[in-house]
Amino acid sequence: MKLSLFWRTFIWLALLIFFSSVAWLQMFKTQEYEPRILRNAHQIATVVNLTKTALKNSDEIARLSLIEMLADEEDVRIQLREPTDRIVAFTDSGMDKRLVDEMVKRLGPGTLIASSVNEEDGLWIGFPIERDSYWLQMDPSRLKPLGGSAWIIWLSFTTALSLGGAAFLAGLINRPLKRLSYAASRVREGHFHGDPLDERAATSEIREVNIGFNRMAERLAKIEAERALMLAGISHDLRTPLARLRLETELSVNDAQTRDLMVADIEQLDDIIDKFLDYARPEPTDLGPVLLSGVISRCITPWRHNPRLQITVDVGEDLQVQAEPVELGRVLSNLLENARRYGQSPADGITRVEIVARVHEGWVLLRVRDQGPGVSEESLKNLTQPFFRGDAARTAATGSGLGLAIVERSVQRMGGTFSVFNSSAGGLMALMKFRQAESD
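So, here is what we can say about the structure in this document. (Residues numbered from 1 in each chain as written. Predicted model: local features only at pLDDT ≥ 70, side-chain atom pairs only at ≥ 80, totals over all residues. Heavy atoms only, no water.)

Thoughts on the sheet that holds strand β7 (residues 309-314)
Here we have five strands laid out as an open sheet, ordered β7-β9-β10-β12-β11, and mixed in their pairing. Both outer strands of the open sheet, β7 and β11 (417-422), are each paired with one neighbouring strand and no more. Strand-to-strand, the axes of this sheet are offset by a mean angle of 15 degrees, without reference to chain direction. Summarising the sheet, β11 and strand β12 (residues 428-435) pair through six bridges and their orientation is antiparallel. Looking at β12, one finds that F418 is bridged to M432. (Pairing = 2+ DSSP bridges. Helix = DSSP H or I, 4+ residues; strand = E, 2+ residues; numbered from the N terminus. Axes fitted to C-alpha atoms, helices over the stretch in contact; angles between N-to-C directions.)

Structure representation (structure tokens):
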């Protein structure tokens with residue numbers, strides 16, 4: 001069973017409390033129950049011995065008066081023992097056997113102890129007086145240990161209190177770990193500037209871990225900022241010589257075909273720089289309601305008159321998502337460009353793209369699917385890795401290898417999820433989840 005750390009701690013504490021309680025009850029039984037029962041056995045043996053002595057030293061009339069007095073005032077009945085009496089011996093559990101042995105030891109070897117005589121329950125003690133044998137009947141509760149509803153009430157209260165204490169201790173132990181786990185998940189998703197962990201925690205070990213984690217997050221944030229700044233700076237600086245190179249190419253190269261090829265190479269380099277800038281772009285801070293159909297319409301406008309690219313859209317006109325409009329448009333543009341390059345149908349070479357959006361439990365599921373050859377299962381899990389190239393069938397065009405990495409990064413920055421897989425109907429499918437925004 002995969003249990004959380006809280007439940008593991010709680011269960012172990014509960015088991016520890018349970019077995020400790022069992023050991024405590026056993027010790028209480030040894031130290032209190034047994035001495036008390038043996039003490040009661042001694043008192044009963046004393047009553048029997050005194051009764052035997054009184055009956056032995058009294059005449060017939062006085063003996064009858066004594067028997068009536070004991071029955072009325074002491075709830076002790078004395079009657080003759082007959083050979084035909086139906087006897088049920090006292091139970092032979094470990095504690096009862098100890099009692100019987102103790103009473104026989106004190107009353108003599110001829111003593112008989114029964115729990116029922118002639119189908120009448122009680123504590124029956126048979127003893128001889130001269131040539132006659134008698135039964136002395138007493139209330140058997142004198143030999144019972146302490147009991148009643150009070151024990152059940154106190155045991156239930158103690159158990160509830162112990163389990164409540166175990167839950168409190170488990171929560172107290174696991175609360176810092178839960179906060180650390182949440183903070184680690186935030187850092188894993190690229191959010192380095194969240195709420196820092198408490199550096200003044202009472203526990204020294206937790207305090208040191210929190211301080212170390214906060215410093216690590218600060219250092220990662222600094223490294224990420226420096227990386228983005230450096231990448232943006234390099235990409236920006238490359239554009240100036242590229243612009244000059246394109247101008248010189250158009251002015252100095254006379255051959256039109258050679259000039260067009262050189263310009264295409266320069267444009268490709270410029271596109272790669274755009275990819276670097278997109279990948280290095282910091283996360284957006286302004287998420288709000290975005291009309292999904294409007295963003296899709298703007299993104300597909302440049303491709304409407306391209307006979308080699310056919311796009312079908314099935315999205316509600318008033319469907320809104322929590323996103324940033326420019327970032328969302330960049331995501332869809334990257335997916336359409338990826339489909340245009342690699343999603344041609346094997347039958348006629350035309351790229352057919354389906355864009356479908358559905359609402360499910362407060363989330364908007366946005367699906368973009370082409371009808372190309374797809375990718376192998378080995379390559380599929382690495383498609384969103386920066387600079388990764390898929391199968392040759394999907395890499396006929398050159399590129400930076402950042403397209404799907406940018407898409408995944410952008411979707412995560414907008415609080416969504418992104419996954420890509422081969423469709424059962426053929427082609428590659430990109431599935432995104434965004435929070436649904438309420439319509440005004």
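There's more to say after this.
Section: a nonpolar patch on the surface
Judged by side-chain polarity, L3, W7, I11, W12, L15, F18, F19 and V22 come together as a nonpolar surface patch covering roughly 840 Å² of accessible area. On the secondary structure map, W12 appears in helix α1 (residues 5-56). (Patch = residues over 30% accessible without salt bridge, like charges linked within 9 Å, V, L, I, M, F, W, Y side chains within 5 Å. Areas by Shrake-Rupley, 256 points an atom, 1.4 Å probe, with all protein chains shown as cover. Salt bridge = Lys/Arg side-chain N within 4 Å of Asp/Glu carboxyl O.)

So, the packing of helix α7 (residues 292-300) against helix α8 (residues 325-342)
To describe two helices that pack against each other, one gives the angle between their axes and the distance between the axes. Following both chains from N to C, one finds α7 and α8 inclined at 50 degrees, their axes separated by 9 Å at the closest point. Our classification of the angle between α7 and α8 gives oblique. In the packing of α7 onto α8, the handedness of the crossing is right-handed. Here α7 contributes L292, V295, I296, C299 and I300 to the contact with α8, which in turn contributes P325, L328, G329, L332, S333 and L336. Each residue belonging to the contact of α7 with α8 can be placed in one class, and the counts come to nine nonpolar, two polar and no charged. (Parallel < 35°, antiparallel > 145°, perpendicular 65-115°, else oblique. Left-handed = near helix turned anticlockwise from the far one by under 90°. Contact = heavy atoms within 4.5 Å. Nonpolar A, V, L, I, M, F, W, Y, C, P; charged D, E, K, R; others polar.)

Brief notes about the pairing of β12
Here strand β10 (residues 363-369) pairs with β12 via seven bridges, running antiparallel. Following the sheet pairing, L366 is matched in β12 by M432. Once β11 ends, the chain turns through five residues before running back antiparallel as β12, passing G426 with a positive phi of about 105 degrees.

Remarks on the sheet that holds strand β3 (residues 112-117)
Taken in spatial order, the five strands make up an open sheet running β1-β5-β4-β3-β2, and their pairing is antiparallel. Strands at the two margins of the open sheet, each flanked by one partner only, are β1 (77-80) and β2 (87-89). Across this sheet, the average inter-strand angle for adjacent strands is 40 degrees, counted without regard to direction. Note that strand β4 (residues 120-129) and strand β5 (residues 132-138) share seven bridges and pair antiparallel. In the sheet register, I129 faces β5, and the bridge partner there is D132.

A closer look at the environment of K433
You can see K433 is positioned in strand β12. For K433, a relative accessible area of 31% corresponds to the partly exposed category. Sequence-distant contacts of K433, defined by excluding residues within four places in its chain, comprise W363, V364, L365, G416 and T417. (Buried < 20%, exposed > 50% of the residue type's maximum accessible area, 1.4 Å probe, protein only.)

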